[in-house]
Structure formats: C-alpha cells, structure tokens
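Spelled out, the chains give:
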Amino acid sequence: MAPRANWKGFLRLSLVTCPVALYPATSESEKISFNQLNRQTGHRIKYLKVDADTGDEVPNEDIVKGYELDKGQYIEVTKEQLEEIALESTRTIEIDEFVDKADIDPRYLIRPYYIRPDGKVGHDAFAVIRETIREMNKVAIGRVVLTNREHIIALEPMDKGLVGTLLRYPYEVRSEQEYFDEIQDVKVTKDMLDLAKHIVNQKAGRFDPAKFEDHYESALVELINQKRAGKVIRPKERPKGENVVDLMDALRKSVGGAATEVAKSKKPAKKPKKAAAGQKEMLMPIAGKKPAKEAAAKKPAARPQRKSA
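Numbering of residues starts from 1 in every chain and runs along the sequence as written. Totals for whole chains, interfaces and linings use every residue, but because this is a predicted model, local features are given only for residues with pLDDT of at least 70 and side-chain atom pairs only at 80 or more, for both listing and counting. Excluding hydrogens and water, the side-chain figures rest on all heavy atoms present in the structure.

1. Observations concerning the pairing of strand β7 (residues 139-146)
Thinking step 1. Within β7, seven of the eight residues are buried, which leaves it mostly tucked inside the rest of the structure.
Thinking step 2. For two strands to pair, DSSP has to find at least two bridges joining them. Put simply, DSSP H or I for four residues or longer makes a helix, DSSP E for two residues or longer makes a strand, and each gets a number counted from the N terminus. Examined bridge by bridge, β7 and strand β8 (residues 149-158) share seven bridges and lie antiparallel to one another. Residue pairing in the sheet places Arg143 in a bridge with Ile152 of β8.
Thinking step 3. Counted between consecutive antiparallel strands, the loop separating β7 from β8 contains two residues, among which Thr147 sits at a positive phi close to 50 degrees. Whether a residue is buried, partly exposed or exposed follows from its accessible area with a 1.4 Å probe, protein chains only, as a fraction of its type maximum: under 20%, in between, or over 50%, in that order.

As structure tokens, then:
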C-alpha cells in the first residue's frame, strides 16, 4: 500500500483535467535519529511554547502568526487570510509552459514528489498529459500550493506516473559572484590537464546509486550497538593530512593510484547486500514498523531497538 498522499487535487493542461495525488519521493525515516535527554535523570527533554514576556505556556489555539515590523511590533496574520491569498491554485496544478530540461539550473531544484491519478477516474486524461510531455521531450512547469505557500513545480514522466520537482524562486538563489570573484585566475598547463584527464578516464563509470553507502550512518549503528553491548568506546586515530607542495608530482601519483583502483575493481566483486538504500540490512527492525514475518526474516544484527512509547 502506498503511503499517505501529501496533497490531492487536479492536474490541468488547458482544458484537460484529472484528479491526482502527490507523494514524497524521498525519505529520511531510515536514518538514525536521536532524542535530547536530561543527563542527570535520563528523561527526555520536552519543549513548551511560552510567552516570551510572561513565561506562561500558550495553548496552540491561541498561537497566531506575526510579521515583525520593528523590534517587538508585529502584524498578526490569520490562517484564513493566508489561505485566501492562494485560493486560485490550492487544489490545482496548472501547467503554464514547457521547457527543455537542460534549461533548468540545478540550484533551483528542491525536492521530488511522485504524482499519480487519484482514484479510478481520470487515468485517460492523466495518460494524455504524461505521454504528451514524454513525446515532446520537455519538462512541464506548473504551480502547486503546499503548506500554504505556492511553489513552482517541474513535471517529468517516469514509468506510468510523473515526478514533480519543487523549484526555488529567483530570490532564494544566491549569486555566485560574491563567492567566486576572489578566486585567482590560474593558467593550467597542458601537461597538468592531460594528467588530470587521464585520472578522470581511469575513474569513469556509470551513475549507480546502489553503490552509495552512508558511512556516517554505518558508524552510528556500530557505535550504538557497541554501547548497547557494554563495550568501552575508545577514540580512533584520525588520518593526518599531507601538504601538497608539487602539484605536478601529486597528479602523477594520482594517475598511479587511479590505475591501482581500476585493477582492483576488475576483480570479482563481492555479492551486493540487499536493500543497500538506507542501510536497512545493518539495522534491527523497529517494533510496529514492519510485519512480524518480515522482521523475523531479517538478520538479528545491528539496528538499535527503540523504546516503545
């Protein structure tokens, strides 16, 4: 069963409309997370919303949004007023234009969502919109309201559905000039460039996310399991960095190192672990999140069990 939709509404291309649902395409839930504790008692820390002047706790129904004009002077804005200014597109993704994917600066990309038809009706209209985008080899640009804010969304076909990626507005993207202006103009010699190209060619491959490993997440799992087993945690020695004095010599040594890596990669590879994404194979099942049969099939290894609420 698919997770709960973040948004439901309509996808519209001119007069063609269909009901759709929008789901997050990524997740952070597989990562290790921590609670804040009182060192003295071991109890969890609880945060309260209090009046900054009186110190009294304020119930949620009495909390409103406010824009600070001057220090201590605010203009209150209600939830109804915020919803009113975005009424036109709250329930419709209106496709405004089609662009080439190469024209979208990657700095404008925020996060992806999966979009599919909502319910049993509208599949024909959805297919027409999806296949039109696919045949034209374009990206559809539209608008969607999420959490009371209107976002620009870029729509692309994926398999039988669509991927919608939220885009930033121009005022949210910083100019590169304030960061790059002070970089020195350096003349790179042909010999240096040839050596660097050789390294690139030796390391050339295909993009394969299955090869990615979150080393920090693995280290967290190991740390927590060692502490759970009562082992003494000793700090590891950090590798010392080396000062590169001769750039040309460093490039030559890198060429040799890259050749060694390529030779190693040609050896029979180890059998890949299952479900590499999220390091699931290293983690113990969390009660209530997985079916009992699936949990029993997992290795009784590494994920630190969380306390039940």
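That shown, we press on.
2. Observations regarding the sheet that holds strand β5 (residues 92-99)
Adjacent strands of a sheet pair through backbone hydrogen bonds, lying either parallel or antiparallel.
Thinking step 1. Spatial strand order, β1-β2-β6-β9-β8-β7-β5: seven strands in a closed barrel with mixed pairing. Strand-to-strand twist across the sheet, computed as the mean angle between neighbouring axes with direction ignored, equals 40 degrees.
Thinking step 2. One ladder, built from seven bridges, connects β8 with strand β9 (residues 161-167); its direction is antiparallel. Across the sheet, Glu156 pairs through a bridge with Val163, a residue of β9.
Thinking step 3. With respect to the sheet, helix α2 (residues 123-136) is in contact with β1 (7-13), β2 (16-24), β5, β6 (109-117), β7, β8 and β9, its orientation differing from that of β2 by roughly 80 degrees. Convention adopted: a line fitted to C-alpha atoms gives each axis, helices being fitted over their contacting stretch, and angles between N-to-C directions are expressed from 0 to 180 degrees. Contacts: residue pairs with any heavy atoms within 4.5 Å of one another.

3. Concerning the side chain of Arg130
Thinking step 1. Topologically, Arg130 is positioned in helix α2.
Thinking step 2. The exposure class of Arg130 is buried, given its relative accessible area of 14%.
Thinking step 3. Within polar-contact distance, the side chain of Arg130 engages the backbone oxygen of Lys160 at 2.7 Å.
Thinking step 4. Every residue in contact with Arg130, bar those within four places of it in the chain, is listed here: Pro157, Asp159, Lys160, Gly161 and Leu162. For the purposes of these results, a polar contact is taken to be a pair of N or O atoms within 3.5 Å, where, inside protein, one atom must be able to donate a hydrogen and its partner to accept one; residues adjacent in sequence count only when each atom of the pair is a side-chain atom.

4. Structural notes on the environment of Gln202
Thinking step 1. Inspection of the secondary structure puts Gln202 in helix α4 (residues 190-202).
Thinking step 2. Linking Gln202 and Val255, residues 53 residues apart in sequence, is a C-alpha distance of 8.2 Å.

5. Some details on α2
Thinking step 1. The length a helix should cover is 1.5 Å for every residue beyond the first. Between its first and last C-alpha, α2 extends 20 Å over 14 residues, near the 20 Å set by a 1.5 Å rise per residue.
Thinking step 2. Phi for Asn137, located one or two positions after α2, is positive at around 55 degrees.

6. Remarks on the nonpolar core
Thinking step 1. Within this scheme, the nonpolar core is defined by two criteria: the residues are buried Ala, Val, Leu, Ile, Met, Phe, Trp, Tyr or Cys, and they are joined through side-chain atoms within 4.5 Å. Counting 21 residues, the largest nonpolar core has Leu11, Ile93, Ile115, Ile153 and Leu155 as its most contacted members.
Thinking step 2. Among the elements of the structure, β1, β2, β5, β6, α2, β7, β8 and β9 are those that each provide at least two residues to this core.
Thinking step 3. A total of four residues in this core trace back to one element, the largest contributor, which is α2.
Thinking step 4. Apart from the residues within four sequence positions on either side, Leu155 is in contact with Leu11, Ile93, Ile95, Ile115, Ile133, Val139, Ala140, Val163 and Gly164.

7. Here we look at the side chain of His151
Thinking step 1. Structurally, His151 can be placed in strand β8.
Thinking step 2. With a relative accessible area of 15%, His151 lands in the buried category.
Thinking step 3. In this structure His151 touches Gly142, Arg143, Val144, Leu146, Leu166 and Tyr169, once residues within four positions along its chain are discounted.

8. Examining the packing of aromatic side chains
Thinking step 1. Only centres within 6.5 Å qualify two rings of Phe, Tyr or Trp (six-membered ring in Trp) as a pair; their planes then separate them into stacked at under 30 degrees, edge-to-face at over 60, and tilted for everything else. All chains considered together, the criterion is met by two aromatic pairs.
Thinking step 2. Each ring, one from Tyr169 and one from Tyr171, has its centre 5.9 Å from the other, and the planes form 5 degrees; the classification is stacked.
Thinking step 3. A relative accessible area of 22% places Tyr169 in the partly exposed class.
Thinking step 4. When the ring of Phe207 is compared with that of Phe212, the centres are 5.6 Å apart and the planes differ by 70 degrees; the resulting orientation is edge-to-face.
Thinking step 5. According to the relative accessible area criterion, Phe207 is exposed, its value standing at 70%.

9. Some remarks on the pattern of salt bridges
Thinking step 1. The rule for a salt bridge is simple: a side-chain nitrogen of Lys or Arg has to be within 4 Å of a carboxyl oxygen of Asp or Glu. Overall, the coordinates contain 13 salt bridges when judged by the stated rule.
Thinking step 2. Measuring nitrogen to oxygen at the nearest pair gives 3.4 Å for the salt bridge that ties Asp249 to Lys253. Taken together, the positions of Asp249 and Lys253, both in helix α6 (residues 247-265) and four residues apart, correspond to about one turn of that helix.
Thinking step 3. With a relative accessible area of 30%, Asp249 lands in the partly exposed category.
Thinking step 4. According to the relative accessible area criterion, Lys253 is exposed, its value standing at 58%.
Thinking step 5. Residues joined by salt bridges that share partners form a network here, namely Asp96, Arg143 and Glu150.

10. Some remarks on the confidence of the model for the protein
Thinking step 1. Each residue carries a pLDDT score, the predictor's confidence in it, ranging from 0 to 100. Chain-level pLDDT for the protein is 82 on average; 79% of the residues reach the 70-or-more range.
Thinking step 2. Taken element by element, the predicted model of the protein shows its lowest mean pLDDT in helix α7 (residues 292-297) (42) and its highest in β9 (97).
Thinking step 3. Low pLDDT, under 50, characterises residues 272-302; the stretch is placed with 39 contacts to residues that sit more than four places away or in other chains.

11. Overview of a nonpolar patch on the surface
Thinking step 1. Residues Tyr67, Leu69 and Ile75 make up a contiguous nonpolar surface patch of roughly 310 Å² in combined accessible area.
Thinking step 2. Locating Leu69 in the fold gives a position in strand β3 (residues 65-70). Every patch collects residues that have over 30% relative accessible area and no salt bridge, joining them within 9 Å if they carry like charges and within 5 Å if they are nonpolar side chains (Val, Leu, Ile, Met, Phe, Trp, Tyr). Calculation of accessible area relied on Shrake-Rupley with a 1.4 Å probe; when residues are assessed, cover is drawn exclusively from the protein chains displayed.

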